[in-house]
Amino acid sequence: MDIMVNANYVMYNQAQGKEVVLAEMVEKLEIKGGIPLIGDVFIGGAKNAALPALAAALLTEEEVVLRNLPAVRDVRTMLKVLEYLGVKNERINESTIRLKAGTPTGDTAPYELVKQMRASVLVLGPLTARHGEARVSLPGGCAIGVRPINLHLDGLTKLGAQVDIDHGYVHTRAKRLKGTEFTFAGVTVTGTENLLMAAVLADGETILNNCAIEPEVGDLAVMLNAMGAKIEGIGTNTLKITGVERLKGADYSIIPDRIEAGTYIVAGLITKGEITVRNCRPEHLRSFLDKLTEAGAELEEGKDYVHVKPSPKLRGADIKTSPYPGFATDLQAQYMALMTQAEGVSVITETIFENRYMHVPELLRLGANIAADGHTAVVKGPTRLVGANVMATDLRASASLMVAGLAADNTTVVRRLYHLDRGYEKICRKLGGLGANLKRIN
Ligand code: EPU
């Protein structure tokens, strides 16, 4: 008997003076696989660019309009975090929102929200810089790894903030942050974003070395400059920021989601279909597309689309994940599912997160032949996949099970669909539009 968590988690929000739903109901995805996908699919805005862009609204009292926002759960969670801090928001349409932080009335990102989404920690930098104080629940470990935030805290300390850990919360205080030079001891995406948002309002010049150069970091920097920040070196791993007294509002459109695009490309290939993935930026997917071509995928690219041609004979190809511009860890699980259908052996090495093979036992239940040991997984293909009940454990693991289910015979049921909803918008509508037979069940 399956136990469903179908109660919404409700909490009182002081800033709004009312109860708000913090966690939504859980559903499952039922996929009848084996149908080649055909047609066009349109990619939404990048979740991982939208989250820091939303947090950046805290940096100004003026209005910020964000366009091309993806309709995903993580964006809704970030909006709840911002509401908690007193930021007002108004929907203009499905993908456009107007935000106004005014003078933040709160300084706390509570445990109940941060535990749902670690990226809530992105409010730490802007709140400290603008409000002079922030309390953000320390994100614990998550399904894919320990994921500490020590580098965020080291950087904020270097910028002059007093940082304390108190009752499970990070508590930062600073009258005004002071420009400094800081070198990240490891490459961190949200760490770079947090420090960038802190440094733009600091007094004087900040040099950040060994920054992440993911397109989402660049997108945030471009948006901050549109708000009046002075950031140089965008797209490189050294960012020079000249602090300003205040930032103004902006009207900004988020870049397309490269991971959503990559996931649909895999869906097209694994079902031996023919699809065009539109509204994407192929240049943000370079390592991924090159690897697929090496594996025998027939792809045609334009400035903002990738056309997946029928590619009946895929062969195994090895990958090793690494920070951008390397092979994205967020596409590793989907690529692994694809390699179960390729001829020969593929060796997959995950170097970013220590526990990002949670999809392996579930893919085995569908009939895959994969041996995972530590950071390495060896996939032998092709194997026939046959539908089964599988359990999603995190966002990208769920995407891997979804694409495997599209290729599998019979019915696959992906449980804990809320993981997928965190980062993929309108899954049934988009995949259904390509001819897939799938539905949400409650
Ligand atoms: N790390 C530290 N200390 C820190 C920060 C990071 O040791 O202070 C380590 C992490 O434990 C990890 C590595 O550095 O081993 C890289 O982590 P990073 O900080 O870059 O990850 P993140 O910023 O928490 C973002 C994305 C992830 C994506 C990673 C890597 C957002 C909101 N999240 O996470 O996206 O996997 O970068 O590219 O941007 C997803 O969308 O499914 C997702 C997990």
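Here, the structure is the one placed above.
Residues numbered from 1 in each chain as written. Predicted model: local features only at pLDDT ≥ 70, side-chain atom pairs only at ≥ 80, totals over all residues. Heavy atoms only, no water.

1. Description of the overall build of the protein chain
Part 1: For the protein chain, the helix and strand inventory stands at 14 helices and 26 strands.
Part 2: Rg of the C-alpha trace for the protein chain: 22 Å, near the compact-globule value of 22 Å for 442 residues, within the 12% margin.
Part 3: When the backbone C-alpha atoms are referred to their principal axes, the protein chain occupies close to 60 × 45 × 40 Å.
Part 4: Per-residue burial over the protein chain gives 57% buried out of 442 residues.
Part 5: Here the contacts in the protein chain between residues at least 6 apart in sequence split such that 71% fall between residues at least 24 apart.
Part 6: Split by element, the accessible area of the protein chain, about 17200 Å² in all, is 50% carbon and sulfur.
Part 7: Computed over 50 positive and 50 negative side-chain charges, the separation of the two mean positions in the protein chain equals 2 Å. (Helix = DSSP H or I, 4+ residues; strand = E, 2+ residues; numbered from the N terminus. Rg over C-alpha atoms; globule rule 2.2 N^0.38 Å. Buried < 20%, exposed > 50% of the residue type's maximum accessible area, 1.4 Å probe, protein only. Contact = heavy atoms within 4.5 Å. Areas by Shrake-Rupley, 256 points an atom, 1.4 Å probe, with all protein chains shown as cover. Lys, Arg positive; Asp, Glu negative; His and termini not counted. Charge placed at Lys NZ, Arg CZ, Asp CG, Glu CD.)

2. Some thoughts on the sheet that holds strand S22 (residues 369-373)
Part 1: Spatially, the four strands line up as an open sheet ordered S20-S21-S23-S22, and their pairing is mixed. For this open sheet the edge positions go to strand S20 (319-320) and S22, each flanked by a neighbour on one side alone.
Part 2: Note: S20 against strand S21 (residues 344-349), two bridges, orientation parallel. Within S21, the position partnered with Lys320 by the bridge is Thr349. (Pairing = 2+ DSSP bridges.)

3. Remarks on the packing of helix H5 (residues 150-158) against helix H6 (residues 189-199)
Part 1: Running from amino to carboxyl end, H5 crosses H6 at an angle of 20 degrees, the nearest separation of the two axes being 9 Å. Regarding the angle of H5 to H6, the classification is roughly parallel. Relative to H6, the crossing made by H5 is right-handed. Contacts between H5 and H6 pair His152, Gly155 and Leu156 from the former with Thr190, Gly191, Asn194, Leu195 and Ala198 from the latter.
Part 2: Residues that form the contact of H5 with H6 fall into these classes: three nonpolar, five polar and no charged. (Axes fitted to C-alpha atoms, helices over the stretch in contact; angles between N-to-C directions. Parallel < 35°, antiparallel > 145°, perpendicular 65-115°, else oblique. Left-handed = near helix turned anticlockwise from the far one by under 90°. Nonpolar A, V, L, I, M, F, W, Y, C, P; charged D, E, K, R; others polar.)

4. Some points on unusual backbone geometry
Backbone geometry follows two general trends: most residues other than glycine have a negative phi, and most peptide bonds adopt the trans configuration.
Part 1: Going from Tyr324 to Pro325, the amide bond is cis rather than trans, its omega being 10 degrees.
Part 2: Here Pro325 is to be found in the loop between S20 and helix H10 (332-339).
Part 3: Cis rather than trans, the peptide bond between Gly381 and Pro382 has omega equal to 0 degrees.
Part 4: Tracing the backbone through its elements, the reader meets Pro382 in the loop between strand S23 (376-381) and strand S24 (389-391).
Part 5: For Asn279, which is not glycine, the phi torsion reads 60 degrees and is therefore positive.
Part 6: In this structure, Lys426 takes a positive phi of about 45 degrees despite not being glycine.
Part 7: Among the secondary structure elements, Lys426 is positioned in the loop between helix H13 (418-421) and helix H14 (427-433).

5. Digging into the site of the ligand
Part 1: Around the ligand sit 20 residues, and of these Asn150, Thr188, Thr190, Asp330 and Ile352 come closest.
Part 2: Between Pro148 and the ligand, the recorded distance is 3.3 Å, taken from a backbone N or O atom to an oxygen atom.
Part 3: Interatomic distance of 2.7 Å between a backbone N/O atom of Leu151 and an oxygen atom of the ligand.
Part 4: Isolated, the ligand exposes 820 Å² of accessible area, and the fraction of that covered by the protein chains is 84%.
Part 5: Broken down by secondary-structure element, the contributors of at least two residues to the shell around the ligand are helix H1 (47-56), H5, H6 and helix H12 (395-407). (Near = heavy atom within 4 Å. Polar contact = N/O pair within 3.5 Å; in protein donor to acceptor, adjacent residues only side chain to side chain.)

Any functional reading would require information that these geometric values do not contain.
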